[in-house]
Amino acid sequence: MSREPAHPAIGDRFGSSVVGVATRVVRAAGTRWRRRVAARATDATDTLTRHPLMVLAPHPDDETFGCGALIARARANGTPVTVVVATDGARSTTSARLSAAGLARLRAGELHAACAELGVTDVVQLGFPDGALTANHDALTARLRALVEDRRPGHVLLPCREDAHPDHRALHHAGLAAGPARALAYPVWAWFEGPVFPAAAAGERARLWAWAASRSGWLRVTCGPFLDAKRQAIAAYASQTTNLTGEPGWSHLDPRFVAAFLGPHELFRAP
Ligand SMILES: [Zn+2]
């Protein structure tokens, strides 16, 4: 994950006097929305685990949050899975104790530990600078096209363009431009922020609400017994889920964010 764009804590958007009530209302709306989306989705648990998968992650951890249980289930079935991580993740926080290069090394180690929990050994790190995927569209697309031609996955799973993060959107577009036979998009920030989308630009809201309200087109994968592997993989990302150094400025994911990805299903849509 990278907190490069403003992803304000939902409560930060409201005055302090109403913050408690507003935060609870927004949180409850998110929980209800996620349940509704999963309930109306078509089950694709078997079809998605039958053919080789390639998972495109903007930052180390997006593959786990968005697709961890699907990855673990596919690997348990003997289905090949390639995890491709586009950036080094060096901008998830600032730190006086850890350099950007040190953070990138740490996150690479976490990525491999998380993928081991999910049963994946085919991990490709493209090493683009965190926050720079939009500026590297052509080079990124070329790298992805070569990987797709080499691995020939049945499905490429890419971040959805509804995520309010430039790297997520850039990888969405580059992943499609790489020409996969079939692609599906998984939500990360949009899954946590929907249906309120506090980080969205005002001009985007109508499109995002239409996406959130879509009654058809959702596919779901049941996490089932593979939720444990996903939980272990998330735990491998201690730099993202805990205050690793104890510094006041260390940026890490809210426990409510993590909880939103430990439900019974993972969700996908055609891009
Ligand atoms: Zn990310």
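Labelled according to an unreviewed UniProt entry, the protein chain appears under the name LmbE family N-acetylglucosaminyl deacetylase, originating from Catenuloplanes nepalensis.

Visitor: Which parts of the structure should I look at to understand the coordination of the zinc ion?
Guide: Six octahedral donors around a metal ideally sit at 90 or 180 degrees from one another, while four tetrahedral donors ideally sit at 109.5 degrees. Protein coordination of the zinc ion is provided by H59 (ND1), D62 (OD), D62 (OD) and H168 (NE2), with donor distances spanning 2.1 to 2.8 Å. Its four donor atoms give the zinc ion angles of 50 to 141 degrees at the centre, a pattern that matches the irregular case. Counting gaps between the donor residues of the zinc ion yields the pattern H-x2-D-x105-H. With D62 in helix α3 (residues 62-76) and H168 in helix α6 (residues 166-177), the pair connects residues that are 106 residues apart, well separated along the chain. Both residues of the pair, D62 and H168, count as buried.

Visitor: When you look at the layout of surface pockets in this model, what are you seeing that I'm missing?
Guide: Space left empty within the atom packing is revealed by a probe, the size of a water molecule, rolled over the atoms. A volume near 340 Å³ is recorded for the largest pocket. Taken together, 20 residues make up the lining of the largest pocket; nearest its centre are G30, T31, R34, A259 and A260. When contributions to the lining of the largest pocket are tallied by element, the ones reaching two or more residues are α1 (19-40), α7 (189-193), α11 (255-260) and β8 (265-269). It is α1 that provides the largest number of residues to the lining of the largest pocket, a total of seven residues. Looking at the lining of the largest pocket, its residues break down into 10 nonpolar, five polar and five charged.

Parameters at a glance
- Residues numbered from 1 in each chain as written.
- Predicted model: local features only at pLDDT ≥ 70, side-chain atom pairs only at ≥ 80, totals over all residues.
- Heavy atoms only, no water.
- Donors = N, O, S within 2.8 Å, 3.2 Å for Na, K, Ca; no water.
- Tetrahedral: all angles 85-135°; square planar, octahedral: opposite > 155°, others 65-115°.
- Helix = DSSP H or I, 4+ residues; strand = E, 2+ residues; numbered from the N terminus.
- Buried < 20%, exposed > 50% of the residue type's maximum accessible area, 1.4 Å probe, protein only.
- 1 Å grid on protein atoms, 1.4 Å probe; cavity = no way out; pocket = protein on both sides within 12 Å on 5 of 7 lines; lining within 4 Å.
- Points joined across faces, edges and corners; volume = space filled by probe spheres on them.
- Nonpolar A, V, L, I, M, F, W, Y, C, P; charged D, E, K, R; others polar.

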